[in-house]
Amino acid sequence: MTQAIEAALRKRAQELLASGEVAQVIAWGSGRLTKQTAPLFVTTPEQADTIVFNDYCVNALAKYAFTERDAGKLAVCVRGCEARGINRLIADKQIEREQVYLLGIPCQGMKDRLSDEPLAKCVACTHRNPVIYDELLASEVTVPVVPVPQSAAERFAEVKEIEAYTREERLALYNDAFDRCIRCYACREGCPVCTCRECFVDQSDVGWQGKQGNTDENRYYNLVRVFHIGDRCIECGECERVCPMGLPLMTLNRKWIKDLDELFAAGEAGLTEELDNALGHYDVHDVEEFM
Ligand code: SF4
Ligand code: SF4
């Protein structure tokens, strides 16, 4: 299936660039290491043959529709994760729908290039087929290689396990994780929802975030990041994948998502291009037991 998608991608990229319909195609190319791929920005029809699509296309591409938004009309490859990211960017008014041409790719799930095991973020993925596209390059996935989590119980199983810990156990668990954070901000850079022009951590004059690398400052960064993304997180898992220190960022994200789901029936983010997030509007029936 991946070979057929790769051929279709190359063909359509070549056609879209040759006709001038798009200025750039955002896809994947070969990396420097075995089984490694990297985001690829194709601007001429001749470069289209360097596009690859295989089981190791681990980078999610939605963020680049934001970073490349001034480069003219973009064709973007969208699997389930990218499609939800694009919806979120449109809903957050970071890009216009007309700015992107979406090449839909049904996805079987990607593999870790070192272990050849299914990637953790793909095991947890609930939408293998793109939820928005202009054309679909293959038939939708009906029997994914990696099963899709079927229920909220399955999706939030790890969160529930940690909720059962004592307060001290939870603090020890996360302090251990925050201790390891080196504040490289890779989690922020890869996230399609992190689109502030200037991040609070970079505002050195107001002193929101100290520059010291210690547990308190690291905890502050990570918790503000989670709260800020809040109900807009599309659960693409890219933040956790790119973290060089292996922090369990998705457990933090999903705790927030689970609470919002229980309090406001928030559901999953990024399924439509409408502004549908629970914290984005007020309802007189909203719960307010914290008042
Ligand atoms: S990617 Fe990991 S180490 Fe880097 S800032 Fe984010 S949590 Fe910290
Ligand atoms: S916080 Fe992580 S999982 Fe959520 S949208 Fe950003 S990169 Fe994806």
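Fair warning: this is a prediction, and the values are worked out from it, not measured in the lab. Along each chain, residue indices are assigned from 1 in the same order as the chain's sequence is written. As they are written, the chains are lettered A onward and the ligands numbered 1 onward, keeping that order. Reporting in this predicted model follows two pLDDT cut-offs: at least 70 for local features of residues, and 80 or more for side-chain atom pairs to be given and counted; totals over whole chains, interfaces and linings ignore these cut-offs and use all residues. Water and hydrogen atoms play no part in the side-chain values, which are based on all heavy atoms of the structure.

### Digging into the site of ligand 2
Now for step 1: Ligand 2 sits among 13 residues. The nearest are C191, C233, C236, G237 and C239.
Now for step 2: Under the scheme used here, helices are H or I runs from DSSP no shorter than 4 residues and strands are E runs no shorter than 2 residues, and both carry numbers assigned from the N terminus. Counting only elements with at least two residues in the shell around ligand 2, the list comes to α9 (215-229), α10 (238-242) and α11 (249-264).
Now for step 3: When residues are grouped by polarity, Ala, Val, Leu, Ile, Met, Phe, Trp, Tyr, Cys and Pro land in nonpolar, Asp, Glu, Lys and Arg in charged, and all others, Gly among them, in polar. Among the residues making up the shell around ligand 2, the classes are represented as eight nonpolar, two polar and three charged. It suffices for a single heavy atom of a residue to lie within 4 Å of a molecule or strand for the residue to be listed as near it.

### So, the side chain of N218
Now for step 1: By the element assignment, N218 lies in helix α9.
Now for step 2: Reaching out from N218, the side chain makes a polar contact with the side chain of R183 at a distance of 2.8 Å.
Now for step 3: Those residues in contact with N218 that sit more than four places away from it in its chain are F178, D179, C181, R183, Q212 and G213. Under this definition, polar contacts are N or O atom pairs within 3.5 Å; protein pairs additionally need one hydrogen-donor-capable and one acceptor-capable atom, and for neighbouring residues in sequence, both atoms have to be side-chain atoms. In this analysis, two residues are considered to be in contact whenever any of their non-hydrogen atoms come within 4.5 Å of each other.

### Focus: the pattern of salt bridges
Now for step 1: Any carboxyl oxygen of Asp or Glu that lies within 4 Å of a side-chain nitrogen of Lys or Arg is treated as forming a salt bridge with it. Under the criterion given, the structure shown has 22 salt bridges.
Now for step 2: A salt bridge links R88 to D92, with the nearest nitrogen and oxygen atoms 2.7 Å apart. Both residues of the pair, R88 and D92, count as buried.
Now for step 3: With a closest N to O distance of 3.1 Å, D216 and R219 form a salt bridge. Remark: R219 and D216 occur in helix α9; sequence separation between them is three residues, near one turn of the helix.
Now for step 4: Using a 1.4 Å probe on the protein chains alone, a residue whose accessible area is under 20% of its type maximum counts as buried, one over 50% counts as exposed, and one in between counts as partly exposed. The class for R219 is partly exposed, based on a relative accessible area of 23%.
Now for step 5: Three or more residues joined by partner-sharing salt bridges are found here, namely E163, K255, K258, D259 and E262.

### A short note on helix α1 (residues 2-18)
Now for step 1: In this model α1 runs 24 Å from its N-terminal to its C-terminal C-alpha over 17 residues, within 8% of the 24 Å that 1.5 Å per residue would give.
Now for step 2: Among all positions of α1, only I5, E6, L9, R12, A13, L16 and L17 are buried. The arc that holds the buried residues of α1, viewed along the axis, is 140°, so those residues lie on one side. Residues of α1 that are exposed and angled more than 90 degrees away from the buried face: Q3, A4 and A18.
Now for step 3: Following α1 by one or two positions, G20 has its phi on the positive side, about 80°. Multiplying one less than the number of residues by 1.5 Å gives the expected span of a helix. The arc in question is the one spanned by the directions pointing from the helix axis to the C-beta atoms.

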